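# Remarks on the overall topology
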Amino acid sequence: MKNRFLDMMEQRRSIYRLNRNVTTPPETLTRLIKAVVKQTPSAFNSQSTRVVVLFGEHHQTFWELVKSALAQRVPEKDYPKTEAKIDDSFASGMGTVLFYEDRQVVDELQKALPLYAEHFPFWSEQASAMAQFAVWVALTEEGLGASLQHYNPLIDNAIAQRWKLPDQWVLRAQMPFGGIDHTPHEKTFIDDAQRFKVFL
Ligand SMILES: Cc1cc2nc3c(=O)[nH]c(=O)nc-3n(C[C@H](O)[C@H](O)[C@H](O)COP(=O)(O)O)c2cc1C
């Protein structure tokens, strides 16, 4: 079936060997990422998602901080492999998008709408996931590759300090992006019968 959105979804893959061979300028990508996040739906239009976009030296510093955090956790003999992965897969790219959720927005909604209080933390996570996916697909449309990483909470304090981020911002995911250096492996799918029930 032909559908432009589905085409983009099919092209979006986890790209692990990123390069800086990107012609789109950072300013254009920033405009795109901001617009995409703004257009992402959120529960009660609460707009709880916060985003930090790191380019150039900032992007490099970010991955240095990730490596420092991992060096304290990973057994010494395994660390060279970890370091090589970060250098070749993520730091080698053009930039990194950090996805945060604002805990204060969730707290205020829980107070304002006690009937839904227990749901707001989940809806916040769901809104973040939607924004992550939307940015990933939008970067794909620009011809860029990206992957989704979760070095939180290990890195949270170091990152918040380095870029002076508000305490109530909670890091949910990191998305390194850049030029594409490899073809992703073939992807397999479980049977439709396990996933879908359609009643016509
Ligand atoms: C919620 C979620 C968490 C993920 N976490 C990670 C992660 O921490 N590290 C990673 O390399 N990939 C992560 N991925 C990527 C998945 O492994 C990947 O999307 C999946 O294997 C399908 O491959 P594709 O992205 O190439 O279609 C995550 C994906 C989702 C949706």
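Note: the structure precedes this text.
What comes next is a walk through the structure. (Residues numbered from 1 in each chain as written. Predicted model: local features only at pLDDT ≥ 70, side-chain atom pairs only at ≥ 80, totals over all residues. Heavy atoms only, no water.)

With that out of the way, let us pick up the pairing of strand β3 (residues 95–102). Within a regular strand, the side chains alternate between the two sheet faces. With 8 of its 8 residues buried, β3 lies for the most part within the structure. Going residue by residue along β3, you find Gly 95, Val 97, Phe 99 and Glu 101 tucked away on one face and Thr 96, Leu 98, Tyr 100 and Asp 102 tucked away on the opposite face as well. Sheet analysis places strand β2 (residues 49–55) next to β3, joined by 7 bridges and oriented antiparallel. Bridge pairing in β3 links Val 53 to Val 97. With 8 bridges connecting them, β3 and strand β5 (residues 169–180) associate as antiparallel partners. What sits directly across from Glu 101, in β5, is Val 170. (Buried < 20%, exposed > 50% of the residue type's maximum accessible area, 1.4 Å probe, protein only. Helix = DSSP H or I, 4+ residues; strand = E, 2+ residues; numbered from the N terminus. Pairing = 2+ DSSP bridges.)

Summarising the element assignment, His 59 is placed in helix α3 (residues 56–71). For His 59, a relative accessible area of 0% gives the class buried. Reaching out from His 59, the side chain makes a polar contact with the side chain of Thr 96 at a distance of 2.8 Å. Ignoring sequence-local partners within four residues, the contact set of His 59 consists of Arg 20, Leu 54, Phe 90, Ala 91, Gly 93, Met 94, Gly 95 and Thr 96. (Polar contact = N/O pair within 3.5 Å; in protein donor to acceptor, adjacent residues only side chain to side chain. Contact = heavy atoms within 4.5 Å.)

By nearness alone, every residue bordering the ligand is listed as Arg 12, Arg 13, Ser 14, Tyr 16, Trp 136, Leu 148, Gln 149, His 150 and Lys 187. A distance of 2.8 Å is found between an oxygen atom of the ligand and a side-chain nitrogen or oxygen belonging to Arg 12. His 150 is positioned with one of its side-chain polar atoms (N or O) 2.9 Å from an oxygen atom of the ligand. Summarising the interface, the protein chains cover 54% of the accessible area of the ligand, which totals 620 Å² for the free molecule. For the shell around the ligand, the class distribution of residues is 3 nonpolar, 3 polar and 3 charged. (Near = heavy atom within 4 Å. Areas by Shrake-Rupley, 256 points an atom, 1.4 Å probe, with all protein chains shown as cover. Nonpolar A, V, L, I, M, F, W, Y, C, P; charged D, E, K, R; others polar.)

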